[in-house]
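Below are the chains, spelled out letter by letter.
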Amino acid sequence: MSPWFDRLKAGLSKTRNGLTGSLSSILRGGGLTGADLEALEEVLIAADVGAKVAIELVKGLSGALRRGDDDPIALLKELILERLAGSERPLSLRSDGSPSVVLVAGVNGTGKTTTIAKIASLLRAADPDLPITFAAADTFRAAAIEQLSIWAERVGGDLIGHRPGADPAAVVFDAVDHVIKRGGVLFIDTAGRLQTKHNLMEELKKIERTVQKKLGRPSDERLLVLDATTGQNGIAQAERFHAAIDLTGLVLTKLDSTAKGGVVLAIREALGLPILFVGVGEAAEDLDAFSARQFVEALFD
Ligand SMILES: Nc1nc2c(ncn2[C@@H]2O[C@H](COP(=O)(O)OP(=O)(O)OP(=O)(O)O)[C@@H](O)[C@H]2O)c(=O)[nH]1
Ligand SMILES: [Mg+2]
């Protein structure tokens, strides 16, 4: 198995232990009784897949078992995989020579800045010559600019930043200007903001408008970084951010810190947005492209 799959598996251990521990005791008896199915539904809800998905999974499972299939775990894996069909997509970068712009947003502390660093590290590993620029559009704290500049140096990229307290849109204006000349990929790091704070959401819209004005087209990716430990609240966050900047995809972090990794299913069901990356730890290697199949294998391995 690949090193990433091992990390994913280790990261998902809390969710897996909750899920497979309970499943094996429910499924041990052979034929599933009504009480077993109810217990199964509870286990799925505890893993945060959401009530609707849990009910549908159990329904699908009991139907298949009635038709004579007899390996409930294999069936459950297939049912989950079906629900995640179409949920994965690689980062969309331009191949026409014009720069790619990736805007990263989310509430406070979800992992935006480290996610940018991790994605940039993946791109750097794939192409040592790719120009990478980081826009420090989190001007809220001096430490945020500092954090990004350390990453820029480590990954090998340019940092465009202003003073703390400066207008984030002005930083983005300069950063887009820079990549128009330099080419490559621009990551825009934004300040954490609660999805309910109107003025902060307006500020985010202004950042995207600035990209559009300067570049003559929208950013290529508008990613929301969601902390998996916040569970179903992530759905409310995503809805608001989506309304503000028309998200192109999600990054789900901190799957290692929760037994509720089933939230991937709830998010997929509620939003239908692709999941580009998942994070399972703090190290640079702890983030990689989301694969539904790997995710399901790691959950039940
Ligand atoms: N366990 C774990 N920790 C993570 C993961 N991703 C990020 N973190 C940690 O979460 C903390 C916050 O990460 P940041 O990248 O600074 O988060 P942010 O969203 O930029 O935060 P603000 O800019 O303050 O809103 C750091 O300690 C990260 O190392 C993950 O997948 N797993
Ligand atoms: Mg940050």
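Residues numbered from 1 in each chain as written. Chains lettered and ligands numbered in written order. Predicted model: local features only at pLDDT ≥ 70, side-chain atom pairs only at ≥ 80, totals over all residues.

What about the overall build of the chain?
So the rule is basically this: Each helix is a run of DSSP H or I of at least 4 residues and each strand a run of E of at least 2, with the numbering of both proceeding from the N terminus. For this measure, only C-alpha atoms enter the radius of gyration; the expected value for a globule follows 2.2 Å times N^0.38, where N is the number of residues. Any residue with 12 or fewer other C-beta atoms within 10 Å of its own C-beta is exposed, any with 20 or more is buried, and the rest are partly exposed; the C-beta atoms used are placed from the backbone.
The number of helices and strands found in the chain is 12 helices and 8 strands. By the compact-globule yardstick of 19 Å for 301 residues, the chain fits well, its C-alpha radius of gyration being 21 Å. Dimensions of the chain, computed from C-alpha atoms along their principal axes, come out at roughly 65 × 40 × 35 Å. In the chain, which comprises 301 residues, the proportion classed as buried is 43%.

Quick word on the domain arrangement of the chain
This is how the line gets drawn: Domain ranges listed in this record stem from an automatic or a database domain assignment. Any pair of residues counts as being in contact when their C-beta atoms, constructed from backbone geometry, are within 7 Å of one another.
Looking at the assigned domains, one finds that the chain contains domain 1 (3–83) and domain 2 (100–290). A C-alpha centroid distance of 33 Å is found between domain 1 and domain 2. On the side of domain 2, 19 residues touch domain 1, which itself brings 17 residues to the contact. Within the residue set of the side of domain 1 that touches domain 2, elements represented by two or more residues are α1 (3–11), α2 (13–27), α4 (51–66) and α5 (72–83).

Some thoughts on the nonpolar core
Which entries qualify depends on this criterion: When buried Ala, Val, Leu, Ile, Met, Phe, Trp, Tyr and Cys residues are joined through C-beta atoms within 7 Å, the set is termed a nonpolar core.
Membership of the largest hydrophobic core comes to 79 residues, with the highest contact counts inside it found for A135, L186, F187, I188 and L250. With near-sequence residues (within four places) excluded, A135 lies in contact with I160, V171, V172, A175, L186, F187, I188 and D189.

Section: the pairing of strand β1 (residues 100–105)
So the rule is basically this: Paired strands, in this sense, are two strands between which DSSP finds at least two bridges.
Most of β1 sits out of view: 6 of its 6 residues are buried. Of the two faces of β1, the one lined by S100, V102 and V104 and the one lined by V101, L103 and A105 are each fully buried. Judged from the 5 bridges that link them, β1 and strand β4 (residues 185–190) form a sheet pairing that is parallel. Along β4, the bridge assignment pairs V101 with L186. Both β1 and strand β5 (residues 221–227) contribute to a ladder of 4 bridges, which runs parallel. Residue pairing for β5: L103 is matched across the bridge by R222.

Here's the deal with the packing of helix α9 (residues 198–215) against helix α10 (residues 233–245)
Test applied: Only the stretch in contact is used when fitting a helix axis, every axis being a line fitted to C-alpha atoms; angles between N-to-C directions are given from 0 to 180 degrees. Angles below 35 degrees are treated as roughly parallel, those above 145 as roughly antiparallel, those between 65 and 115 as roughly perpendicular, and all remaining angles as oblique. The crossing is said to be left-handed when, going from far helix to near helix, the turn is anticlockwise and less than a right angle, and right-handed when the turn is clockwise. Gly falls in the polar group here, along with every residue not listed as nonpolar (Ala, Val, Leu, Ile, Met, Phe, Trp, Tyr, Cys, Pro) or charged (Asp, Glu, Lys, Arg).
Two elements in contact, α9 and α10, have axes whose closest approach is 9 Å; the angle formed by their N-to-C orientations is 45°. With respect to their mutual orientation, α9 and α10 come out oblique. For the pair α9 and α10, the sense of crossing is right-handed. Contact residues: M201, L204, K205 and E208 in α9; R240, A244 and I245 in α10. Grouping the constituent residues of the contact of α9 with α10 by class yields 4 nonpolar, no polar and 3 charged.

Digging into the sheet that holds strand β6 (residues 249–253)
Read from one edge to the other, the open sheet built from 8 strands follows the order β3-β2-β4-β1-β5-β6-β7-β8, with strand pairing classed as mixed. Edge positions in the sheet fall to β3 (158–160) and β8 (287–289), since each has one partner strand and no second. Strand-to-strand, the axes of this sheet are offset by a mean angle of 20°, without reference to chain direction. The sheet contact formed by strand β7 (residues 275–279) and β8 spans 3 bridges and is antiparallel.

A look at the site of ligand 1
Our working definition: Only the C-beta atom matters for this test: placed from the backbone, it must lie within 6 Å of a molecule or strand for the residue to be near it.
Not every one of the 20 residues close to ligand 1 is listed here, only the nearest: G111, T113, T114, G192 and G279. No other element matches the 3 residues that helix α6 (residues 112–126) contributes to the shell around ligand 1.

Digging into the environment of V102
Structurally, V102 is set in strand β1. Exposure remark for V102: the 25 C-beta atoms within 10 Å place this residue in the buried category. Once the C-alpha coordinates of V102 and L223 are considered, the two residues, 121 residues apart in sequence, prove to be 7.3 Å apart. When near neighbours in sequence (up to four residues on either side) are disregarded, V102 contacts V185, L186, F187, I188, S219, D220, E221 and L223.

As for the pairing of β7
Filter applied, for reference: Crossover handedness is defined here as right-handed if the route from the first strand over the helix to the second strand goes clockwise, with the strands pointing away from the viewer.
With 5 of 5 residues buried, β7 is to be regarded as a mostly interior element. When β6 meets β7, the two strands line up parallel, connected through 3 bridges. Within β7, the position partnered with L250 by the bridge is I275. After leaving β6, the chain enters helix α11 (residues 263–271) and then returns to the sheet as β7, a path that is right-handed.

Points about α9
Stated formally: The span one expects for a helix is its residue count, reduced by one, times 1.5 Å.
Here α9 spans 26 Å end to end across 18 residues, near enough to the 26 Å set by a 1.5 Å rise per residue. Buried residues along α9 sit against β1, β2 (132–137), α8 (168–182), β4, β5 and α10. Remark: G216 follows α9 within two positions and exhibits a positive phi of approximately 80°.

A look at the packing of α6 against helix α7 (residues 142–155)
For any two helices packed against each other, the geometry comes down to the angle between their axes and how far apart the axes lie. One way to put it is that α6 packs onto α7 with a least axis distance of 10 Å and a crossing angle of 10°. When the interaxial angle is binned, α6 and α7 end up roughly parallel. In this structure, α6 uses T113, A117, A120, S121 and R124 to contact α7, whose residues at the interface are A144, Q147, L148, W151 and V155. When the residues that make up the contact of α6 with α7 are grouped by side-chain class, the tally is 6 nonpolar, 3 polar and 1 charged.

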